[in-house]
Amino acid sequence: MYLPPHDPHVDDPMRFKPLFRIHLMERKCATVECMYGHKGPHNGHIQIVKKDEFSTKCNQTDHHRMSGGRQEEFRTWLREEWGRTLEDIFHEHMQELILMKFIYTSQYDNCLTYRRIYLPPSSPDDLIKPGLFKGTYGSHGLEIVMLSFHGKKAKGTKITGDPNIPAGQQTVEIDLAHPLQLPDIENLRDFSELSRIVLEVQEQVRREEQEQEHRQEEEDRSQQAASQPAAKPLGGEGAEGEETAAGAEGTTQDKAPASQPFVLPMGVISRNEDYPRTCRICFYGTGLIAGHGFTSPERTPGVFVLFDEDRFGFIWLELKSFSLYSRIKVSFQNAEAPSREAFDEMLKNIQSLAT
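Residues numbered from 1 in each chain as written. Predicted model: local features only at pLDDT ≥ 70, side-chain atom pairs only at ≥ 80, totals over all residues. Heavy atoms only, no water.

Going by what an unreviewed UniProt entry lists, the protein chain is known as FBX31 protein and is assigned to Ciconia maguari.

1. Details of the packing of aromatic side chains
Where we set the bar: Geometry of aromatic contacts follows a simple scheme: Phe, Tyr and Trp rings, the Trp one being its six-membered ring, pair when their centres are within 6.5 Å, and the pair is stacked under 30 degrees between planes, edge-to-face over 60, tilted otherwise. Per the convention used, a helix needs a DSSP run of H or I reaching at least four residues, while a strand needs a run of E reaching at least two, with both numbered from the N terminus. For each residue, the accessible area found with a 1.4 Å probe, counting protein chains only, is set against the maximum for its type, and the residue is called buried under 20%, exposed over 50%, and partly exposed in between. Here, over-ring charges are defined by two tests on the NZ atom of lysine or the CZ atom of arginine: distance to the ring centre within 6 Å, and angle to the ring normal within 35 degrees.
Under the counting rule described, the total for this entry stands at 20 aromatic pairs. Both rings, one in Phe307 and one in Phe322, keep their centres 6.4 Å apart while their planes meet at 80 degrees; by these two values the pair is edge-to-face. Within this pair, whereas Phe307 is found in strand E16 (residues 295-308), its partner Phe322 is found in strand E18 (residues 321-327), the two being separated by 15 residues in sequence. According to the relative accessible area criterion, Phe307 is buried, its value standing at 5%. Taking the relative accessible area as the measure of exposure, Phe322 reaches 2% and is therefore buried. We note Lys320 situated over the ring of Phe191; from NZ or CZ to the ring centre the distance is 4.6 Å.

2. A few points about a negative patch on the surface
Defined as follows: Patches were defined on residues exceeding 30% relative accessible area and lacking a salt bridge, with like-charge contacts within 9 Å and nonpolar side-chain contacts (Val, Leu, Ile, Met, Phe, Trp, Tyr) within 5 Å. Residue-level accessible areas treat just the shown protein chains as cover; the underlying method is Shrake-Rupley with a 1.4 Å probe. One side-chain nitrogen of Lys or Arg within 4 Å of one carboxyl oxygen of Asp or Glu is enough to make a salt bridge. When charges are counted, neither His nor the chain ends are considered; positive counts come from Lys and Arg and negative counts from Asp and Glu. Just so you know, the charge point we use is NZ for Lys, CZ for Arg, CG for Asp and CD for Glu.
Together, Glu208, Glu209, Glu211, Glu213, Glu217, Glu219 and Asp220 line one region of the surface with negative charge. Here Glu209 is to be found in helix H4 (residues 191-225).

3. Quick notes on the nonpolar core
As a reminder of what qualifies: Put simply, buried Ala, Val, Leu, Ile, Met, Phe, Trp, Tyr and Cys residues joined by side-chain atoms within 4.5 Å make one nonpolar core. In this description, contact between two residues means that some pair of their heavy atoms is separated by no more than 4.5 Å.
The biggest cluster of nonpolar side chains holds 26 residues, and the ones touching the most others in it are Leu180, Phe262, Val303, Ile315 and Phe322. It is H4 that contributes the most residues to this core, 6 residues altogether. Beyond its immediate sequence surroundings of up to four residues, Ile315 is in contact with Leu194, Phe262, Leu264, Pro265, Val268, Pro301, Gly302, Val303, Ser321 and Phe322. Residues Phe149, Ile174, Phe283 and Trp316 belong to the second largest nonpolar core, which totals 20 residues.

4. Section: the pairing of strand E5 (residues 42-50)
This is how it is decided: When DSSP finds at least two bridges between two strands, those strands are taken to pair.
In this structure, strand E4 (residues 30-34) lies alongside E5, joined through 2 bridges in antiparallel fashion. Bridging across to E5, Glu33 finds its partner in Asn43. In the sheet, E5 pairs with strand E6 (residues 53-58) via 6 bridges, with the strands oriented antiparallel. The residue bridging Ile48 from the neighbouring strand is Phe54, located in E6. Hairpin remark: E5 followed by E6, antiparallel, with 2 residues in the connecting loop; positive phi at Asp52, about 65 degrees.

5. Notes on helix H1 (residues 69-82)
To be explicit about the condition: Expected span of a helix, by definition, is 1.5 Å for each gap between consecutive residues, and there is one gap fewer than residues.
Over its 14 residues, H1 runs 20 Å from end to end, which matches the ideal 20 Å to within 8%, given 1.5 Å per residue. Where H1 is buried, its residues contact strand E1 (2-3), strand E2 (15-16) and helix H2 (92-106). Just beyond H1, the residue with positive phi is Gly83, at close to 65 degrees.

6. Some remarks on the pattern of salt bridges
If you walk through the whole model with that rule in mind, you get 23 salt bridges. Between Glu53 and Arg115 there is a salt bridge; the shortest N-O distance is 3.2 Å. Taken together, the residues span a long stretch of sequence, with Glu53 in strand E6 and Arg115 in strand E7 (residues 112-115) at a distance of 62 residues. Connected via shared salt-bridge partners are Arg65, Arg70, Glu73 and Asp109.

Here you go:
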């Protein structure tokens, strides 16, 4: 198992933890050992379910138990998973979330189903190379997100989830057609100024979507009314060309400086204060928030901040919080990228499995 580094150190390397091992014997036999727990290897089982999927089962789950009971197991898990003790965590809400995660993960006792992750396809036109990133999620700690590009959109899909937003959901969506011009560094410290800029773009996006829907309805009605192919009205082709040019202008990033000063506005909470103080470019985006159990999910406005090839951030406007993401640089074998169409279909399947 590859575990993210301890919160909030997103730039630290992933941690490695063996969960099972296979001994190949003579006569094409094999034995499986579960490595979970602290009492050493013990009897386990592996089953190939279907292509790109297998399951593991521990046959001696009593080896996972500790003499001090669940309390000792929780404290040991807390040190290993979070790099801290319960006494280090003063925030009551964070204690509650960590306890929920322990209860949820420990109930499986290494009886798990694994599915292969295919890395997203890349294109020379992509803002940065797509891939897997470690990100800070407040009291939830570090989570793994897959960044992929889809034309005028970029999506961050959760590979690991939490009690609020499960794996498979699009945690952030970036509108590459709407870059944001941040104010100067002094005005950027004013949260209300950043909020005003973002909400203005949100309103612009809403109007554009309504106009697009209206144009689509008009085209549908025109096609239904037409009894035979008719020539386009004068200026129609030119108007379409103008629209395409405008769209191209929107997606083409303005010649932004190589870097510009960046600082979080006052009042925005960040788990990691060691974020870069310069950025390349920012875009309007939306972030998914929900209550426990993925109740009442909604997309809220935010700011996508590109720092460099391996780091980006997202300011959650409504939550007044900041997530910092850092690229996972582990080389995963047999995770070659599929086509764009196949990858989009895989994302839909991941989302349906998570729900």
